[in-house]
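Letter by letter, the chains look like this.
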Amino acid sequence: MYYDLVEVKYKHGYILEVAFVDGTKGEVDLEEYAKKGGVFSSFANIEFFKKVFIHPELKVLTWPN
């Protein structure tokens, strides 16, 4: 079973639309992580959060830095 991401699109707020290699698609809300601080403290800046992309080798959600 593969869970590699193939597509991510910012929707609104902290909601991302994601698609996996097996064709599964859906939305994920990461708002709770914006409130956790620590490694997620950058998520408090929504403009930073919008810069999400898929890591070309690991195929996971990634942000700059």
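Throughout, residues of each chain are indexed from 1 in the direction in which the sequence is written. Local features in this predicted model are restricted to residues of pLDDT 70 or higher, and side-chain atom pairs are both shown and tallied only at a pLDDT of 80 or more, whereas totals for entire chains, interfaces and linings draw on every residue. Excluded from the side-chain calculations are hydrogens and water; all other atoms, namely the structure's heavy atoms, are used.

For this analysis, a salt bridge means a side-chain nitrogen from Lys or Arg found within 4 Å of a carboxyl oxygen belonging to Asp or Glu. Within the structure shown, the criterion is met by three salt bridges. Measuring nitrogen to oxygen at the nearest pair gives 3.5 Å for the salt bridge that ties Lys 11 to Glu 17. A 1.4 Å probe rolled over the protein chains alone gives each residue an accessible area, and that area as a share of the maximum for its type sets the label: buried under 20%, exposed over 50%, partly exposed in between. With relative accessibility at 27%, the residue Glu 17 sits in the partly exposed group. A salt bridge links Lys 50 to Glu 47, with the shortest nitrogen-to-oxygen separation between them at 3.2 Å. By relative accessible area, Lys 50 is classed as partly exposed at 34%.

Moving on: the environment of Asn 45. Assignment of secondary structure puts Asn 45 in the loop between helix H1 (31-34) and helix H2 (46-49). In the structure, Asn 45 is positioned 18 residues away from Trp 63 in sequence and 12 Å away in space, judged by C-alpha atoms. Labels follow the DSSP assignment, with helices taken as runs of H or I lasting at least four residues and strands as runs of E lasting at least two, numbered in each case from the N terminus.

For two strands to be treated as a pair, DSSP must find at least two bridges joining them. The pairing of strand E1 (residues 5-12) with strand E2 (residues 15-20) spans six bridges and is classified as antiparallel. Looking across to E2, one finds that His 12 is bridged to Ile 15. Here E1 folds back onto E2, and the loop between the two strands holds two residues, one of which, Gly 13, carries a positive phi near 55 degrees. Pairing analysis gives five bridges linking E2 to strand E3 (residues 25-29), with the strands arranged antiparallel. Bridge pairing links Val 18 to Gly 26 in E3.

Strand pairing within a sheet occurs via backbone hydrogen bonds; the two strands may be parallel or antiparallel. Reading across from one edge, E1-E2-E3 is the order of the three strands in this open sheet, with antiparallel pairing throughout. Among the strands making up the open sheet, the edge pair consists of E1 and E3. Pairs of neighbouring strands in the sheet enclose a mean axial angle of 25 degrees, with direction left out of account. Whenever a helix is involved, its axis is fitted only over the stretch in contact; in every case the axis is a line through C-alpha atoms, and angles between N-to-C directions fall within 0 to 180 degrees.

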